[in-house]
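Below, each chain spelled out in residue letters.
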Amino acid sequence: MFRTAKNVIINGGTFTEHHQHNQITQYSVRAIDRLIEAASLGALYNSGERFDPPKCHPNTRTTVLKNLMDLFIGHFGWDNFVLWLYGPAGAGKSAIAQTLAELWAAKNRLLASVFFSRSDLRRNNEKAFVATLAYQLWLHIPESRPIIEAVINNNPAIFQLNFDTQFGTLFLDPLLQLSSAGRFTSGTPFPNLIIIDGLDECNGADVQNTILNTISNALHHHPLDFPFRLLIASRPEYHLITSFSVAPLHTLTFRLALDDSYRPDDDIRLYLMDSFRDIRKKHIMRANFPDSWPSEEDIVKLVAKSSGQFIYAATVIRYVSSPRYNPLDRLKVIQGLIPVNDDRPYTQLDALYVNILSEVENIKAILRILGVAIILYNNTDDHIKPLGVNDLEKFMQLTPDTVQLILIDLFSVVDVSDNNKPIKFLHASFSDFLLDPTRSRQFFIDPSKMHEEAAHFCISAIESLDMATPLPDFAYQSLLRHLQLAGPLHDNATLREKIFSLPYIQHWKTYALELMDHPIIHYHSSSYNPGMFLEFLQTSEFSQTEELYLHHQGIFDQRLHNSLALIPMSPSLAFWTAICAGGILESNGAVSLETICYLSDLLADDLSASVPGFLFSASLDQIEVGSEQPRPAWYEYYYITGTPYLRMVKEFLNDSSRAGPHAVNQSVHTAAAVVAVRFVVRARNQTKFIVHREWDFIWDAFPFILSKAGYSAELVNTLGQQNLTSNLGKPDTNVRHRVQTLFGAVRNYLLKFTRSNLSQFKIIIDWAEFPSDYFGCFTARDLDDCSDWQNTWGLFYVDESILPKDEDTRGPAGQ
């Protein structure tokens, strides 16, 4: 119409100018800008915001990295779309994920990575998660760009919609469209690995489960259209364990535990060695470092303290390597050799523990359980077996499964998965943190209060005496330790009242009899007897300690009275009460119950009926003896020397106001000495052989008892005979001294009661094993120059020449 017109002027009207290409470009820019703005680029493996991210130290974690590479390259079953890498806090999961991301990106096989972080507001929630995945999909697979841009252009508010909608429209649908178009079956390589690290650091268990459920539903419904694999790394939090254990995620997931099977201690050792080598080379003070620093022992202790978790070792190296401080001193701070002062060597580690504890519920109950567990398990007595979770619940009077329920949010630092095993602290440094008020602050556990609480539980276990459980044994072995370490006792009226009414001595017998069927336990439990209990009460810090002690001493005395009343007065009883009252068993190195029985068989006929075993141990009654009497094998290992119980029995027997008719006096010693002398001078029966350790005991007992004995015609006549012969076997130790003591005791007794001239007095010592050994008789003077008394056998004479010059002023051995 206007083809031939010239100088046409048009006024008014509406005009539309079309620039189709420019319009698409402007929309495209706006779409990708919105995507980048909604995404959290700091969550990418190569983000500048994650400067120097943690990754595996060279030549460490090689086995687990190889396993992961092999799994994703081809050995990863097609039914498993997800690999869950889990392990305790600080185990190095993020370092492994970072290293794997770098290795996979170098092969152009990394589709996306998201590294959550609890401390980063853009990386500690799910709001930017889908946009971050979609941006990396847009970046690495160009064919996805128009699809993603169209979604954003068609719905500019997509980033404000719920998680399922975002995931479906921005990430899943583009992948499904590309899969339908054959993009992933064309033979053209494409990135196929998605790494999600630190899922447990995304705020809220519900959100974490939503992410997992959304991903698992997508994989479940589109298995053939989704040729991708996901690595999800996290702590084994309970809700995550549950999510990975139910369908459909359970069947879609391959699990890889970052545990001791990968020998983390070896890797931590290598990391420490290399790091300390760098410090020695680069630090400004390097000229002052000893060549042996740190020592092999230092490295071993640091590896042990790491508990297989790299975070502890990394924290130590970061602290020690500071260029502004002396590394030698800083390592000593770590080792506790010099005070920390205002320094904070474990800042990163403490922040981890604070974060974990800040997110739990019922922190008071958690700290109570952890506190009791710590003080129970930090026990230097190897014979006290730690309580498993089930028994710990009984000990603390909790209902079954309470421990697992209360500690459910701490599975990243403690393991309570097996009810039959003790609570396992996955970080050795976690208990250090809890017991240090400068580090744990509001989470501090006061050990003295925990010991007091444990003491209450021990008392309850002894009162109930439920022998179907290990609690009575545990309580008897642990109570005194907890009382000794409990906070101030003098003003603790509640605990004092419980101790006052505690049936410790009354229930001991029932407890001990039950243990007879378990000789090893019985042997190790023998030290924690009423004697130890009474000795503790004598020195405790309770108010009115004497009243407390005398109350239980009265119970102890009554038990001895009752037991002694069952045995008629006899030479046997006189001998053994004299032994116990004299403290012979306290000074002797090792006298077993078997030794007592041997000597009872051999001393005299009237001693073969029974031995008052209750004088030696609170666990025993009368012991039947005799050559035909069978004895348990554990008698040989049940030592009865040097115990507090023996000291308490000694005090009882020497105090007539307590022991009454059973008190040991001169007449008792005299009767005991008659028994002992009969044994010493009688002809030995070669069928009754005693080993050296039994002879040591009788060599000490005879002179002591004789020194306390009064006049006895039998003693005077027997000891004063012209050819007095001792048939005691040779002792095992201190041979010359024991021979001197024996001769001195006999000589002194005769001087005391006969006033005879004993200048020519001698004793024949018969150490001949067989009659053929009798060749040659020697005097003690002949043996003065012989230092090898230990190997001297045969028959020889002992006279005054064996005595030291000051013999008249010395008593028998030990006096």
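Residues numbered from 1 in each chain as written. Predicted model: local features only at pLDDT ≥ 70, side-chain atom pairs only at ≥ 80, totals over all residues. Heavy atoms only, no water.

> Before we go on, may I ask you to explain the packing of helix α27 (residues 571–581) against helix α30 (residues 644–653) in this structure?
In a pair of packed helices, the angle between the axes and the distance between the axes together describe the arrangement. Packing of α27 against α30 leaves a shortest axis separation of 8 Å and a crossing angle of 110 degrees. Our classification of the angle between α27 and α30 gives roughly perpendicular. Contacts from Thr577, Cys580 and Ala581 in α27 reach Val649, Lys650 and Leu653 in α30. Grouping the constituent residues of the contact of α27 with α30 by class yields 4 nonpolar, 1 polar and 1 charged. (Axes fitted to C-alpha atoms, helices over the stretch in contact; angles between N-to-C directions. Helix = DSSP H or I, 4+ residues; strand = E, 2+ residues; numbered from the N terminus. Parallel < 35°, antiparallel > 145°, perpendicular 65-115°, else oblique. Contact = heavy atoms within 4.5 Å. Nonpolar A, V, L, I, M, F, W, Y, C, P; charged D, E, K, R; others polar.)

> Honestly, the pattern of salt bridges in this entry has me stumped. Any pointers?
Opposite charge on two side chains allows them to pair when their charged atoms are near. Under the counting rule described, the total for this entry stands at 23 salt bridges. In this structure, the salt-bridge partner of arginine 118 is glutamate 359, at a minimum N-O distance of 2.9 Å. Of this pair, arginine 118 sits in the loop between β2 (110–115) and α4 (129–140) while glutamate 359 sits in the loop between α14 (347–358) and α15 (363–377), placing them 241 residues apart in sequence. The class of glutamate 359 is partly exposed, set by a relative accessible area of 48%. Here aspartate 266 ties to arginine 263 by a salt bridge, and the two come within 2.6 Å at their closest N and O atoms. What emerges from the salt-bridge pattern is a single network uniting Arg118, Glu201 and Glu359. (Salt bridge = Lys/Arg side-chain N within 4 Å of Asp/Glu carboxyl O. Buried < 20%, exposed > 50% of the residue type's maximum accessible area, 1.4 Å probe, protein only.)

> Looking at this structure, how should I read the pairing of strand β11 (residues 762–766)?
The two faces of the sheet receive side chains in turn, since in a regular strand these alternate between them. Most of β11 is tucked away, with 4 of its 5 residues classed as buried. Pairing analysis gives 2 bridges linking strand β10 (residues 725–726) to β11, with the strands arranged parallel. Counterpart to serine 726 in the pairing with β11 is isoleucine 765. Between the parallel pair β10 and β11, the chain is carried across by helix α35 (residues 735–754), and the sense of this crossover is right-handed. Of the strand pairs in this sheet, β11 and strand β13 (residues 795–799) are connected by 5 bridges, and their pairing is antiparallel. From the neighbouring strand, isoleucine 764 faces β13, where its bridge partner is tyrosine 797. (Pairing = 2+ DSSP bridges. Right-handed = clockwise from strand over helix to strand, strands pointing away.)

> Sorry, what's going on with helix α21 (residues 471–485) here?
In an α-helix there are 3.6 residues to a turn, and that puts residues three or four apart on one side. For α21, built from 15 residues, the straight-helix expectation of 21 Å at 1.5 Å per residue is met to within 8% by its first-to-last C-alpha distance of 20 Å. The largest bend in α21 comes to about 45 degrees, at serine 478. Across the 15 residues that make up α21, a large majority, 12, are buried. Listed as buried for α21 are Leu471, Pro472, Asp473, Phe474, Ala475, Tyr476, Gln477, Ser478, Leu479, Leu480, His482 and Leu483. (Expected span 1.5 Å × (residues − 1). Bend = angle between axes of the 7 residues up to and from the residue.)

> Sorry, what's going on with the side chain of serine 47 here?
Relative to the helices and strands, serine 47 is located in the loop between α1 (20–38) and α2 (62–75). In terms of polar contacts, serine 47 uses its side chain to reach the backbone amide nitrogen of glutamate 49, at 3.0 Å. In contact with serine 47, not counting residues within four places along its chain, are Leu41 and Gly42. (Polar contact = N/O pair within 3.5 Å; in protein donor to acceptor, adjacent residues only side chain to side chain.)

> Help me out: how do you make sense of the packing of aromatic side chains in this one?
Both the distance between ring centres and the angle between the ring planes are used here to describe each pair of aromatic rings. One pass over the structure, following the stated rule, counts 34 aromatic pairs. Taken together, the aromatic side chains of Phe116, Phe129, Phe163, Phe167 and Phe171 make up a single cluster linked through ring pairs. The lysine or arginine in question, arginine 330, covers the ring of tyrosine 325, its NZ or CZ lying 3.9 Å from the ring centre. (Phe/Tyr/Trp six-rings, centres within 6.5 Å; stacked < 30°, edge-to-face > 60°. Lys NZ or Arg CZ within 6 Å of the ring centre and 35° of its normal.)

> It is not clear to me how the nonpolar core should be interpreted in this structure. Could you clarify?
One finds Leu407 and Ile423 to be the most contacted residues of the largest nonpolar core, which totals 175 residues. Excluding residues within four positions of it along the chain, isoleucine 423 makes contact with Ile369, Ala373, Tyr377, Val389, Leu392, Val403, Leu407, Val414, Asp415 and Val416. Within the second largest apolar cluster, 56 residues are counted, among which are Leu170, Leu178, Ile194 and Leu249. (Core = buried A, V, L, I, M, F, W, Y, C linked by side-chain atoms within 4.5 Å.)

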